[in-house]
There are 2 protein chains.
Amino acid sequence: MDMLMIQLEKDSATPLYEQLYEEIKKGIIEGTIAVQTKLPSKRKLSEFLSISQTTVELAYAQLIAEGYITSKSRVGFFVEAIEELAYVEKTTSQQMIKTTKKHKILIDFNPGKIDTSSFPFTTWRKYAKDAIDDHKQDLLLIGSPQGEQELREQIASYLYQSRGVLCSPEQIVIGSGTEQLLPMIMKLLGEDNLYAIENPGYALTHHIFSQYNQSVIPIDVDEDGMQIQQLEGSSAKVAYVTPSHQFPTGAVLSASRRAQLLNWAAQEEERYIIEDDYDSEFRYIGKPIASLQGMDHRGKVIYISTFSKSLMPSLRIAYFVLPEKLLTRYHDIFTYYTSTVPRFEQHMLTQFMKDGYFSKHLNRMRKIYRKKLEKLTQALDPYAPTVSISGEQAGMHVVLTVRKEMSATDLSNIALQQGIRIIPIKEYMIAPTAQNREDQFLLGFGGIEEAEITNTIQKLMDCWRIRRTAD
Amino acid sequence: MDMLMIQLEKDSATPLYEQLYEEIKKGIIEGTIAVQTKLPSKRKLSEFLSISQTTVELAYAQLIAEGYITSKSRVGFFVEAIEELAYVEKTTSQQMIKTTKKHKILIDFNPGKIDTSSFPFTTWRKYAKDAIDDHKQDLLLIGSPQGEQELREQIASYLYQSRGVLCSPEQIVIGSGTEQLLPMIMKLLGEDNLYAIENPGYALTHHIFSQYNQSVIPIDVDEDGMQIQQLEGSSAKVAYVTPSHQFPTGAVLSASRRAQLLNWAAQEEERYIIEDDYDSEFRYIGKPIASLQGMDHRGKVIYISTFSKSLMPSLRIAYFVLPEKLLTRYHDIFTYYTSTVPRFEQHMLTQFMKDGYFSKHLNRMRKIYRKKLEKLTQALDPYAPTVSISGEQAGMHVVLTVRKEMSATDLSNIALQQGIRIIPIKEYMIAPTAQNREDQFLLGFGGIEEAEITNTIQKLMDCWRIRRTAD
């Protein structure tokens, strides 16, 4: 223990040494000073508290006498384990917070999981070593509020090459994630907007809109993505879409709807599109579809994406790309803003991208996820037509349709009792839709080992009592 | 270059190879495909775009013929430098954004700077190496929304020992900084609060309150900190204070005002105190003053602090400590929330604290800053009584009072012309105050090298034409 912050009252009737003794004793009993802790030396503590060394000596002597601490010659004073003492309950908060997890999750089809076994730890560690360097003292200080220039250059180049996004580094703003970036975009677009959101859609986004008191209007999603006709009939000002791989249905926004959506935005000055391109790095089928941003010539698209899926969720690096005409407004509003992303980390990622490791990693992961998807399709095949999948063009999740005389909620609960977490699509619905999604589930496969997939699916089918068609 | 995202129209009258050729040429001319870039192989690009290899071959041949790319046998196709070509201006945003910095800053008394020369890079690098480890794959996934349990334990123990803050790890929420944490606190305390803020005060805080449409009422600060009597006369519900070292005046909230403030909060159920303890690690004079949080027995204080001053501003780790009664509300509101702080970094800091390096670092830095402060005092001494300092009990800044027949704004401009940045206290004022602060400046000394201080002060005095008294 470096120091001991104790408040002593010099004018009190209780002698100083007794006050000190009482406070340390209290700390030991309540557990705030842990067993085995080395107390500060008498000299140090007396200096720190501006009291005489004798006062500390008296207090320590008393604590030794009563067995709270022991003195090891030439080493110092150490806190003893006091088992006989009545243990004072520290707080009840611990018990209060614990959520009642009844079922231990053994198999998790949660779409947020990625494959962690193929992460290039060695390379990443190397870049950490390079970034944390005595010659880079400047990196300790605050950097650009938009994120490091070098990293924005890498992102601009990556986005152009792989997603057809056209932008300069000046249009990019780096932040910690959607939770942090989306409110910034909302600020930019001004108060009292009506946001069109996909239904079903990403729960977090919906939550953020409501937390910031923004009105939303749910627009139905079918196999071609958001129904733009419905959007046109609404009074929405801003449309939030996931065109490359709709979350959660996996639909890809069709070419004609893309044009329709861009036209919708072009009709009114204040209309905008927020394009969330969260997992488009992993596309398995069909020719590449460029981002909406790349098709847009009127500065109507705010492009947002993240390294959560492509690198790791715990990295906390995401970004958005602003149309040029919003830049002045961005600089006006966010003058006082400091980037939320650590600079060392930004420099690690910059070098990782610059040296081509990011591309390599994506290629490797694309193969891994494609194999997993193939395994998944094979594993589910024998259960057709009771079970089928859709939305498998990209990403790390598909939609599972289960034709059973039982609701998805009931099936989900049955699975949970066996330790399997699989979430009904219904739970991502903001309002009822024309599409029947009663029998659909979101099945994330990113976090499940390839070798486990067949086994895992069999367990799921077994608990739902779905048999192979051939049986 | 890993891949080339190009949108081709199969039904167009223009042949595919020509479209491809045109698009790549455009990329090279506009600079989005950089000189020396290796283009994807013909096979890879044809697969990626779902076109025949012949199409790619034709396009590449045309580009070679026109000198846009060259083919290196068995290596690939590379983009050439095309200097003769008219360079198409990419965007105007770069020019647009550039702030007109007329004066190059040579000496910066900005209070946000720290001493970077003594940072333990080697140790920090070691912990990065330890954290980024194949055996810790789990750290790639999302962690606790409140921040890692182990780090919260370290912070709880540190806060108790050095600041007298009494809390369990469950009461701590870790985030990226004040910009990100303060809005969370505002959400917790509910809509339509009136916030009392210190005047003069921290500009960022004021900015955040206004961005989130929260009403504020400025309360005067004198040499004993916030004038609680003024607060009592207001209808404020929440008081935001920096009691250990008021920003920017450096005042320490007196013991009687602390009691008064806690009593004020106790009088009404919804009243709260936000205690911002941003730089209390560095105290040089007098006995330690425990945090308000430690004196509070009614759960009225929300304690907020950061590692920006104690470790580095670019780390982006800060935290707040909630009273127990606000925990349920916290968990209700922030269910969907993901921590903004990278997990690797949290684990690095945990180990750094656990192994005692944080304490060591603080002790070392305290000595360094104390020496700098001594040097500063010595350097200013000869200019008394024209110049004097106050607020020097703690932290990395003091208040400089300059008795000259000239406004602080004019003096600040004169300094700026010599490349010296020093900000008048006036600029931190939200409203006029009873205190005369016309002749005061904020002088941050954290970022100035000890050996430079005397010289630096002399330059400042010279440009203001202030002479040594003895002269």
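Residues numbered from 1 in each chain as written. Chains lettered and ligands numbered in written order. Predicted model: local features only at pLDDT ≥ 70, side-chain atom pairs only at ≥ 80, totals over all residues. Heavy atoms only, no water.

Chemist: Even after reading the chapter, I still don't get the packing of aromatic side chains, so can you show me in this structure?
Modeler: Ring pairs (aromatic) are described by centroid distance and by the angle formed between their planes. By the definition in use, this model includes 39 aromatic pairs over all chains. Each ring, one from F247 of chain B and one from Y278 of chain B, has its centre 6.0 Å from the other, and the planes form 80°; the classification is edge-to-face. With a gap of 31 residues between them, F247 of chain B in the loop between β8 (238–241) and α10 (255–266) and Y278 of chain B in the loop between β9 (272–276) and α11 (292–295) connect regions that are remote in the sequence. Owing to a relative accessible area of 7%, F247 of chain B belongs among the buried residues under this scheme. What links up through ring pairs into an aromatic cluster is the set F119, F121, W124, Y127, F352 and Y357 of chain A. We note K300 of chain A situated over the ring of Y272 of chain A; from NZ or CZ to the ring centre the distance is 5.1 Å. In this arrangement the basic side chain of K187 of chain B is found over the ring face of Y212 of chain A, its NZ or CZ atom lying 5.7 Å from the centre. (Phe/Tyr/Trp six-rings, centres within 6.5 Å; stacked < 30°, edge-to-face > 60°. Helix = DSSP H or I, 4+ residues; strand = E, 2+ residues; numbered from the N terminus. Buried < 20%, exposed > 50% of the residue type's maximum accessible area, 1.4 Å probe, protein only. Lys NZ or Arg CZ within 6 Å of the ring centre and 35° of its normal.)

Chemist: Honestly, helix α15 (residues 408–417) of chain B in this entry has me stumped. Any pointers?
Modeler: Each turn of an α-helix holds 3.6 residues, which means side chains three or four residues apart point in the same direction. Residues and elements named next belong to chain B. Burial in α15 covers these residues: A408, L411, S412 and A415. For α15, the buried positions fall inside an angular range of 100° around the axis, keeping them on one side. A positive backbone phi angle near 80° is found at G419, which sits one or two residues after α15. (Arc of directions from axis to C-beta.)

Chemist: What is the right way to look at the environment of I422 of chain B in this model?
Modeler: Relative to the helices and strands, I422 of chain B resides in the loop between β14 (420–421) and β15 (423–424). Ignoring sequence-local partners within four residues, the contact set of I422 of chain B consists of F109, L400, S412, A415, F441, L442, L443, L460 and W464 of chain B. (Contact = heavy atoms within 4.5 Å.)

Chemist: Sorry if this is basic, but what is going on with the sheet that holds strand β6 (residues 215–222) of chain B here?
Modeler: Pairing between sheet strands relies on hydrogen bonds along the backbone, with the strands arranged either parallel or antiparallel. Residue and element names in this part refer to chain B. Taken together, the eight strands give an open sheet; going across it, the order is β4-β11-β10-β9-β8-β5-β6-β7, and neighbouring strands pair in mixed fashion. Sheet topology places β4 (172–175) and β7 (225–226) at the edges, where each strand pairs with a single neighbour. Inspection of the sheet shows β4 paired to strand β11 (residues 318–321) by four bridges, in the antiparallel sense. Along β11, the bridge assignment pairs V173 with F320. (Pairing = 2+ DSSP bridges.)

Chemist: It is not clear to me how the pairing of strand β13 (residues 397–402) of chain A should be interpreted in this structure. Could you clarify?
Modeler: Where a strand is regular, its side chains alternate between the two sheet faces. Residues and elements named next belong to chain A. Most of β13 sits out of view: six of its six residues are buried. By the alternation rule, side chains of β13 split into H397, V399 and T401 and V398, L400 and V402, which are all buried. Pairing of strand β12 (residues 387–390) with β13 involves four bridges; the strand directions are antiparallel. The residue of β13 that forms the bridge with S390 is V399. Linkage of β12 to β13, two consecutive antiparallel strands, is achieved through a turn of six residues, within which G391 is found at a positive phi near 70°.

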